[in-house]
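Structural features, examined
The chain contents come next:
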Amino acid sequence: MKDNNIVFPNYEHSILNLINTILKYYKVETKYNSLPELEKVLQKEYKNVVLIILDGMGEHILKNISPDNFLYKNHKDIITSVCPSTTTAAMTTYYSGRPPIETGWIAMSQYFKEYGRAIEMLRKIDSYTHEKINTSRMDVYDLIKYIPVYEQIEKTNPDVKAYEINPSFCEARSKRNIKANTIELMCDSIKAICQNREKNFVLAYNDNPDALLHKYGCDSNEVKEFIKNAEEQIEKMCKELNNSDTLIIISADHGHKNIEKIYNILDLKEINDCLIMPPSLESRAVTFFVKENKRGKFEEFFENNLKDEFMLFTKEEFLSRNLLGYGTQHKKVDDFLGNYIAVAISDSIIKLDTYTSKEKANKKSTHCGFTPNEMEVPLIVIDCK
């Protein structure tokens, strides 16, 4: 869904539908729709189906840097990310086959009342102090467990082996997990799997260009060099997999947008006066826990100062618009969302901070907003016949 320069998640044509097209191909029961372009290709049976996710490689990153080379020549469609357009929510959608509303995996920093802390979801540390969370009494991650797609596929298809390839810092979600910190190692691992005698599904994830984008920005030489090298390595791999009966699908979790304006939440006194506790989620998708008797003042400040930079929703509006997707709402979503959510529509961020926070470097570009640069990702399909 589009509104001028705003792109909302389209859960009929998104990364959710990409992974569910693959699940349907493997006869896994799912209630979510397929992507027609990919479904057509998957009418044929393949020995190997490989899904490559390059973190942060949005449609506009790829098109601006390399519109005439290998990846874009195999470009089939533009689909949306989920909301918020961030790795935590989007990669969990790929890993589970379900939208954020059902998994409860919404953003980098989510407040757990059981610990009285906002926790960085992927690193399991306190969002502000970076202390390791003590799980001796209870591991809150047990509250937001899901069945990974690897397990879903192998259960339905005993003759298929499901592999996960990701960097060494990533948690393993498949019993067949291979660590690869570079594009070269990722491609070598894919090639080795696809040349065995088994039927295989592979989900390969690389944390770039996202890490480079955060550090150097969308127009940097570092990002351009990564994209071009990734294209060369993937093209080389596809040529070497010729006649291997392999389908390669390439996309991203989200895109990126350069940041021009930074608000620190500690400097926004008018907002801080209205809050019960520190905000959480992300710097471009912020949830606020506002005192009931301060809601009018809070809304007035946003209307007068930030309405051109952030879309402000009440919790009820946010959920009723199905911005986290459709399905059975996870029981923890009500805890994770305050009574307001602000999503960026410009080039601004609200830096989440407290007086106990570890100092964080400002990012040149980031994501989580509703701009096309963040929300739109490519669908690339290569048939290694």
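The sections below set out a description of the structure shown in this document. Predicted, not measured: the structure shown is a model, and the values here were computed from it.

1. Section: the packing of aromatic side chains
When we look at a pair of aromatic rings, we describe it by the centre distance and by the angle of the planes. In the structure shown here, the tally under the stated rule is 16 aromatic pairs. Between Y25 and Y26 the ring centres are 4.9 Å apart and the planes differ by 75°, which places this aromatic pair in the edge-to-face class. Both residues of the pair, Y25 and Y26, count as buried. Taking 6.5 Å as the distance between ring centres and 65° as the angle between the ring planes, the aromatic pair formed by Y111 and F289 counts as edge-to-face. One end of the pair, Y111, is in strand β5 (residues 109-112); the other, F289, is in the loop between β15 (285-288) and α12 (295-305), and 178 residues separate them in sequence. A relative accessible area of 12% places F289 in the buried class.

2. Examining the sheet that holds strand β4 (residues 75-80)
As summarised here, the arrangement of the 7 strands in space is β4-β20-β11-β3-β10-β8-β9, forming an open sheet in which the pairing is mixed. The two strands at the open ends of the sheet, each matched to only one other strand, are β4 and β9 (177-179). Strand-to-strand twist of the sheet, defined as the mean angle between neighbouring strand axes without regard to direction, takes the value 20°. Pairing analysis gives 6 bridges linking strand β8 (residues 160-166) to strand β10 (residues 199-206), with the strands arranged parallel. Bridging across to β10, E164 finds its partner in L203. Each of β3 (48-54), β8, β10 and β11 (246-251) is contacted by helix α5 (residues 87-96), which is oriented at about 175° to β10, the strand it contacts most. Taken strand by strand, helix α8 (residues 183-194) contacts β3, β8, β9, β10 and β11, and its axis lies near 175° from that of β10.

3. Digging into the pairing of strand β17 (residues 340-344)
Within β17, 5 of the 5 residues are buried, which leaves the element mostly enclosed by the surrounding structure. The two faces of β17 match: Y340, A342 and A344 on one face and I341 and V343 on the other face are all buried. Pairing analysis gives 4 bridges linking β15 to β17, with the strands arranged antiparallel. Across the sheet, residue A285 finds its bridge partner in β17, namely V343.

4. Focus on the side chain of H330
Within the element layout of this structure, H330 appears in the loop between α13 (315-320) and α14 (333-336). A polar atom in the side chain of H330 sits 3.0 Å from the backbone nitrogen of K332. In this structure H330 touches I101, E102, T103, G104, L143 and I144, once residues within four positions along its chain are discounted.

5. Regarding empty space enclosed by the protein
Scanning all chains against the criterion turns up 1 cavity of 30 Å³ or more. Put simply, the largest cavity is a space of about 40 Å³. Lining the largest cavity are C187, D188, K191, Q233, K236, M237 and E240. For the lining of the largest cavity, the elements supplying multiple residues, two or more each, are α8 and α10 (221-240).

6. Thoughts on α12
Owing to its 3.6 residues per turn, the α-helix aligns residues three or four sequence positions apart on the same side. Among the residues of α12, those classed as buried are F298, F301 and F302. Buried residues along α12 cover an arc of 95° about the axis, so they all sit on one side. The inward-facing, buried residues of α12 contact α11 (269-272), β15, β16 (310-314), β17 and β18 (348-351).

7. Thoughts on the packing of α8 against α10
Helix-helix packing is characterised by the crossing angle of the two axes and by the distance between the axes. One way to put it is that α8 packs onto α10 with a least axis distance of 10 Å and a crossing angle of 15°. The orientation of α8 with respect to α10, classified from their angle, is roughly parallel. The chirality of how α8 crosses α10 is right-handed. On α10, the residues touching I183, E184, C187, I190 and K191 of α8 are F226, N229, A230, Q233, I234, M237 and E240. The residue inventory of the contact of α8 with α10, partitioned by class, reads 7 nonpolar, 2 polar and 3 charged.

8. Quick notes on the packing of helix α1 (residues 15-25) against α5
The contact between α1 and α5 brings their axes to 8 Å, and the two run at 15°. Between α1 and α5, the interaxial angle falls into the category roughly parallel. In the crossing of α1 with α5, the sense of the turn from one axis to the other is right-handed. Contacts between α1 and α5 pair I15, L16, L18 and I19 from the former with A90, T93 and Y94 from the latter. Across the contact of α1 with α5, the residue classes break down as 6 nonpolar, 1 polar and no charged.

What counts and how
Residues numbered from 1 in each chain as written. Predicted model: local features only at pLDDT ≥ 70, side-chain atom pairs only at ≥ 80, totals over all residues. Heavy atoms only, no water. Phe/Tyr/Trp six-rings, centres within 6.5 Å; stacked < 30°, edge-to-face > 60°. Buried < 20%, exposed > 50% of the residue type's maximum accessible area, 1.4 Å probe, protein only. Helix = DSSP H or I, 4+ residues; strand = E, 2+ residues; numbered from the N terminus. Pairing = 2+ DSSP bridges. Axes fitted to C-alpha atoms, helices over the stretch in contact; angles between N-to-C directions. Contact = heavy atoms within 4.5 Å. Polar contact = N/O pair within 3.5 Å; in protein donor to acceptor, adjacent residues only side chain to side chain. 1 Å grid on protein atoms, 1.4 Å probe; cavity = no way out; pocket = protein on both sides within 12 Å on 5 of 7 lines; lining within 4 Å. Points joined across faces, edges and corners; volume = space filled by probe spheres on them. Arc of directions from axis to C-beta. Parallel < 35°, antiparallel > 145°, perpendicular 65-115°, else oblique. Left-handed = near helix turned anticlockwise from the far one by under 90°. Nonpolar A, V, L, I, M, F, W, Y, C, P; charged D, E, K, R; others polar.

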